[in-house]
Amino acid sequence: MGRKIVVVGAGAVGGYVGAHMVQAGEDVTFIDPWPEHIEHMRKHGLRVTHARDVAEFSVPVRALHITDVQQIAKEKPVDIAFVCMKSYDTAWATMLIRQYLAPDGYVVSLQNCMNEETIAGIVGWGKTLGCIASSITVNLPEPGHIHRGAGKGGAAHTVFRAGEVHGRVTQRAEEVCRLVGYSDSAKVTGNLWGERWSKLVANVMGNGLSACTGLPGGEMLQSEPMRRFSTRLGSEAIRVGQALGYQLEEILHLPPETIARAGEGDETAMRVCDEQRFKDGKRTSSEQRPSMGQDVQKGRRTEIEFLNGLVVREGEKIGLACNANAVLTDIVKRVERNELSPDPRHITELRLN
């Protein structure tokens, strides 16, 4: 104990992990740009609920508005800063907390997408770690309330994978693993980049689809055209990741090659993918929406350029066309700009060569 921890971004993931740290007795300060959320946490604490198998709890928390962060200058420096903002807010959030870090303090990207390089550009590679939250299915339905649309992963699925950018197992990586481990199962990984890209593939397969169709996960799963398109999105992203040299991990409880082949039309692989996805679907609330689907519901900017858009850009660099990801990126951006309304027909009526 005694480590000063700051969570920059007390949304779904940051709030979930931070609340469990507080419950365990850690010294945690939350910083968030949503004023109502901060005020609610100050008055009523942070409440965490689950769709199944886990009792709800509330914890009193220390929460700061962005305008209050300068108070930290008068306190003990920050030992560990978890950045849990949307990818497009990574740079300013890291810049905000950099000046309050202890000499041996460090920043952990607990986000979707590939943001370690952005963080390292601000605090240096030596102060940058990463942590993947795999299949966590959390949302922030209202100020001061984090909801997880499933039970805990536990031994059946390792949710958190913490690691150093250089892949060595260090005390810092073990410390991050211990802290996120209050929330659910966790491990130290020597394969941060492979884990990152594998999680990116999983997000690429569902996030943008929910954003452009307006559907929750359960309804997307029931539609064969959606499943086929989802698999094609994943297949393209896997082929790019392989070409970039990443050592990919299991994705949605499937070998990456199985998803890749399914997206390329292999019927045996398609059946295996469907079986596993329906099996996994039974463990999660059918109403749970991927984070990008939640963003569109709330009228917020999505991370599409940092997910499917990134796949397209990285594919272009190595000569791999990612047509499905390019089309989806375009549709989601048009939905964001209110040029289109979310509609399943954007996908079900899509004709793609």
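Placed above this text is the structure.
Keep in mind that what you see is a predicted model, and the values were worked out from it rather than measured. (Residues numbered from 1 in each chain as written. Predicted model: local features only at pLDDT ≥ 70, side-chain atom pairs only at ≥ 80, totals over all residues. Heavy atoms only, no water.)

**A closer look at the side chain of His50**
Item 1. Inspection of the secondary structure assignment puts His50 in strand β3 (residues 46-50).
Item 2. At 2.7 Å, the side chain of His50 and the side chain of Tyr16 are in polar contact.
Item 3. Residue contacts for His50: discarding those within four places in its chain leaves Tyr16, His147, Arg148, Ala150 and Lys152. (Helix = DSSP H or I, 4+ residues; strand = E, 2+ residues; numbered from the N terminus. Polar contact = N/O pair within 3.5 Å; in protein donor to acceptor, adjacent residues only side chain to side chain. Contact = heavy atoms within 4.5 Å.)

**Points about the sheet that holds strand β6 (residues 78-83)**
Item 1. In spatial order, the strands read β5-β2-β1-β6-β7-β8-β11-β12; together these eight strands make up an open sheet with mixed pairing. Edge positions in the open sheet fall to β5 (62-65) and β12 (186-188), since each of these has one partner strand only. Strand-to-strand, the axes of this sheet are offset by a mean angle of 25°, without reference to chain direction.
Item 2. Examined bridge by bridge, β6 and strand β7 (residues 101-109) share five bridges and lie parallel to one another. Its bridge partner being in β7, Phe82 is matched across the sheet by Val108.
Item 3. Together, β7, β8 (128-133), β11 (160-164) and β12 form the strand contacts of helix α6 (residues 192-213), whose direction differs from that of β8 by roughly 40°. (Pairing = 2+ DSSP bridges. Axes fitted to C-alpha atoms, helices over the stretch in contact; angles between N-to-C directions.)

**Description of the packing of α6 against helix α12 (residues 308-317)**
Item 1. Taken N-terminus to C-terminus, the directions of α6 and α12 make an angle of 120°; their axes are 9 Å apart at the nearest point. The orientation of α6 with respect to α12, classified from their angle, is oblique. From α6, Trp197, Leu200 and Val204 reach across to α12, where they touch Asn308, Leu310, Val311 and Glu314.
Item 2. Grouping the constituent residues of the contact of α6 with α12 by class yields five nonpolar, one polar and one charged. (Parallel < 35°, antiparallel > 145°, perpendicular 65-115°, else oblique. Nonpolar A, V, L, I, M, F, W, Y, C, P; charged D, E, K, R; others polar.)

**Looking at the sheet that holds strand β10 (residues 145-148)**
Item 1. Strand order in this open sheet of four strands is β4-β3-β10-β9, and the pairing throughout is mixed. Two strands in the sheet have a free side with no partner beyond their single neighbour: β4 (57-59) and β9 (138-142). Across this sheet, the average inter-strand angle for adjacent strands is 25°, counted without regard to direction.
Item 2. Relative to β10, β9 is paired through three bridges, and the arrangement is antiparallel. Bridge assignment links Val138 to a residue of β10, and that residue is Arg148.

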